[in-house]
Structures are given as structure tokens and as C-alpha cells.
Amino acid sequence: MKFPGQRKSKHYFPVDRRDPLIPQNPLLTELGKAYVVGIDQTLVDIEAHVDEDFLNRYGLSKGHSMLISDDVAERVYEELKNNNMVVSEFAGGTIGNTMHNYSVLADSHSILLGVMSQDIRIGSYAYRYLCNTSSRVNLDYLQPVDGPVGRCFTFITEGGERSFGINAGKMDHLDVAHIPEAIIKEASALVITAYLVRGADGTPMKDAAMTAVRYAREAGVPVVLTLGTRFVIDENPQWWRDFIAENVTVLAMNEDEAEALTGIKDPLGAADKALDWADMVLCTAGPIGLYMASYTEEDYKRETTHTLLPGVIPEFNMFEFSRPMTRAKCRKPARIYSHISPYMGGPEKIKNTNGAGDGALSAVLHDMVANAYHRMNVPNSAKHMSEFLTYSSLAQVCKYANRVSYEVLAQSSPRLSRGLPEKEDSLEEVYWER
């Protein structure tokens, strides 16, 4: 596994080049080391240039998002392909994006649970999904279905206005029988999204997701929840607060979702409130950057050397050099916070906002799994004098998440095509030395 860390220092754990002072753990080799499991609604994002006649012909509303049937989706896709109107086809899905990005960053394997069309034609959307997913993402546990995976069409008309057609296909048909109990209980983290728990009526996805969460909780595996959209949370905020308090270790959200969940508009205040229910919180806040909040043991608090920052919590980053822990593992829990402004002020031109939050979460997961991997290999290390959630300090995880988010914003796809550079190609290398 490639380890997260400062860019100028060696940040690989000695795996290929064996260290004679560290006994190698044969169990890790047998099980494939530490890994993360994610459950997703498998879907493909399809972008195409069309005219208004096209939208009218298929009953689509300009500038709006509409659900479309399997039959309409097939006819739309066929016409787009036959007339070379498709601009891009990307594998999508919040968790699918996160698993892919995690595997690219960590150069290590992850496992994706969901559905996949059992009959795949070369060039089709299901084929594109497989092609655009890292080979490090294990897809062997996908459930085969007789029908299409989900499709999200983005129709761009003259003037650049976007309209959306969403077809669920069979993406909500993952059943409990395809949730591998042993795989989840051996994982370093289980990642789900709020969309799963909301599953469509008459589909088994919600039961499958809840079963996976139960397996993870029974084994003490951290459950990571990303909220996805504020509209899901707005339907019943209290239900989500109770669900998070009972099941979730790490919560990821943007400022809109945070406001829907907590009723607090300020992202720092919302992250602080969310600690009432979760153990670690990631809150992206667009051009403001991102915030992280967590717990640590009072005796292990480490003061920052950075400038103390103002906010609804004065000097809130005072102890951001501390490492996160779950509240249950702390004798005297103390809340810690960190913030980072957009890397290099943000991209000069933002090509894609879709997936920036998923990129940030993948960095957090990388640091969490790296910690689990190191603990398995070197259990007596001073790094593991207590059960920490991450390998790095909250401030360093915050920086890493922000850096990956920048990389996604600067490209067209929500999925990384390569890992971060070993050494930054700019004078901003000092970003990693602060």
C-alpha cells in the first residue's frame, strides 16, 4: 500500500523492499492486506449535445431533471449513439467514484458491491462502467442482473443549458444474499451513501445496505456515510440523526447537506453539531475549502503550529495536530477541528464539480486504511499506543482530502486517472511542509 504523507518525505510503507527489523505478517498476504468495502447504485453518466426537438420528442423538460423509463432510456441511448451525439460516458455513482479514487491513491484494492448487467455488449454503458473503473477495484462480488444498470443522461442544448434524464434500471436490485458477511467483517471500513437507505419501494437495496451495516457494527468495522444530497435529508432529518448516532463512525457531507441535517448554516458549526452523532466529520464548503472535526483523547492532544483561526468556535484549530479517535475509545474525549482553504486558491478553471466531495472522502479512507494496515504489520509501534482512526493528524488528513478534491475539480471526470504526483510541479510544494 502506498502511504499518505508529506510529499517530500518518503511516504511508502516498506512492503516491496522488506525491512529485516519488521516481521512480515503472513495473514496479511493471505487476506490481501487491509481493504475497504463500498456499496453503490451502479450507474453511468452519459453526456450529449442535443437540440430542443430531441428533448420534446422524448418528453423531457428543458433545464430540469426527470425520471425516464427503461424503454425511453434505451431509445434515447440508441439515437445518441447512432448519431454520434455522445460527448462522454463516465462510470458514476458516489461510492463507485470513491472506491475507484481510493484504489488509485492507495495503489491498493477495494471491493465494490452492487449490481451489473449480466449480458454486456462492447461499447454499451455497462461496458463503459467496467472500462472506467480501476483494475484495483474488485468487482467479483457484483450481483448479475437481467437488465440495465442505472443511467444519468445530461442533455446539453444550445447556449449550454443542461437537462437531465435519470433511469434507475436495476441499480436498486442488490439483495441481501449478495452481501458477503465475512468480507465485510474483515474490512477496514464499510462505505455507504444516503441514497441506499432511501431505496425505492419494492426494491431490496435498503435491506441489503442495512444488513451490511449490521455486519460491520457486529465486527467493530467503521461505517462511513456520505449524505449525497440535501433533498434526501430534508425529508426526515431526525431519522438521519438517529441513524447516524446508532450506526455511523465517519460522516461526509457538503455545507447544504450539513445545514439540512443540523439546521446550522455555518459549516464549522454544523460539523461540530454532527459530532453529537458521529465520531469524525468531513464537511466540504465549496470556495471556502473544507472542515474536519473529530474526537481525540485529552492526554493525546497536540497543539498546532499553524495560525489559530477565527470562527463560531474561537481558535478552533488549536489541537488540529492530534489524531482522530472514536468517542467510545477515549477516556476523556476532546473535540478537535481543522480547516484548509482550497489548494492553490482552487483550479483556475473548474471543469467538473461532480465528484469533488467523493475525491475528498477517498483521501480520508486512504488514511484510515493505511492506519489499519500499519497496525496489522507493526502492532507495537508508537503510532498505535491507542486505537486511532487515522494514520495522520487531523490537519494532515484535511490537507490530503483538499488536495485530492482539487485534482478532481481540475479535470473533466469525477474519477482520478492517476495518483497524486510524487513531487508537486509548482512552487506550492511548501503546502505539504507547513
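Residues numbered from 1 in each chain as written. Predicted model: local features only at pLDDT ≥ 70, side-chain atom pairs only at ≥ 80, totals over all residues. Heavy atoms only, no water.

### Considerations on the overall build of the chain
What the chain contains, in helices and strands, is 14 helices and 16 strands. Counting every position in the chain, which comprises 434 residues, the buried fraction comes to 56%. A fraction of 76% describes how many contacts in the chain between residues 6 or more apart in sequence connect residues 24 or more apart. Here the chain has roughly 19000 Å² of accessible surface; of this, 48% comes from carbon and sulfur atoms. (Helix = DSSP H or I, 4+ residues; strand = E, 2+ residues; numbered from the N terminus. Buried < 20%, exposed > 50% of the residue type's maximum accessible area, 1.4 Å probe, protein only. Contact = heavy atoms within 4.5 Å. Areas by Shrake-Rupley, 256 points an atom, 1.4 Å probe, with all protein chains shown as cover.)

### Digging into the UniProt feature "binding site: GMP" (unreviewed entry) in the chain
Sequence positions flagged by UniProt for "binding site: GMP" (unreviewed entry) are, in local numbering, Asp40, Gln41, Thr42, Leu43, Val44, Asp45, Gly93, Thr94, Ile95, Gly96, Asn97 and Arg198. Within the secondary structure layout, Gly93 lies in the loop between β4 (86-91) and α4 (94-106). Gly93 gets classed as buried once you look at its relative accessible area, which sits at 10%. Of note, Thr94 is situated in helix α4. The exposure class assigned to Thr94 is buried, which follows from its relative accessible area of 17%. Not counting chain neighbours up to four residues away, the residues in contact with Thr94 comprise Asp40, Tyr195, Thr226 and Asp358. (UniProt positions renumbered as here; feature names shortened; annotations may be inferred.)

### Quick word on the pattern of salt bridges
Applying the stated rule across the entire model yields 21 salt bridges. Between Arg75 and Asp71 there is a salt bridge, with the nearest N and O atoms lying 3.4 Å from each other. Pair noted here: Arg75 and Asp71 are both in helix α3 (residues 70-82), with a separation of four residues, about one helical turn. Look at Asp71 and you get partly exposed, because its relative accessible area is 49%. Across the pair Lys81 and Glu89 runs a salt bridge, and its minimum N-O distance is 3.1 Å. You can call Lys81 partly exposed: its relative accessible area is 30%. Glu89 sits in the buried class, given a relative accessible area of 11%. Residues joined in a network through salt bridges with shared partners are Glu181, Lys185, Arg214 and Glu218. (Salt bridge = Lys/Arg side-chain N within 4 Å of Asp/Glu carboxyl O.)

### Things to note about the pairing of strand β1 (residues 36-39)
The alternating pattern of β1 places Val36 and Gly38 and Val37 and Ile39 on opposite faces, both of which are buried. As paired strands, β1 and strand β11 (residues 189-193) are joined by three bridges and run parallel to one another. Among the inter-strand pairings, Val36 is bridged to a residue of β11, identified as Ala189. Sheet analysis places β1 next to strand β5 (residues 110-113), joined by three bridges and oriented parallel. Each residue of the ladder has a partner; that of Val37, found in β5, is Ile111. (Pairing = 2+ DSSP bridges.)

### Side note on the UniProt feature "binding site: ATP" (unreviewed entry) in the chain
Residues annotated by UniProt as "binding site: ATP" (unreviewed entry) correspond here to Thr284, Ala285, Gly286, Pro287, Ile288, Gly289, Gly357 and Asn402. Their sequence span is 119 residues, while the largest C-alpha to C-alpha distance among them is just 13.5 Å; these annotated residues converge on one region. Of note, Ile288 is situated in the loop between β14 (280-284) and β15 (290-297). Owing to a relative accessible area of 45%, Ile288 belongs among the partly exposed residues under this scheme. Setting aside chain neighbours within four positions, we find Ile288 in contact with His339, Ile340, Ser341 and Pro342.

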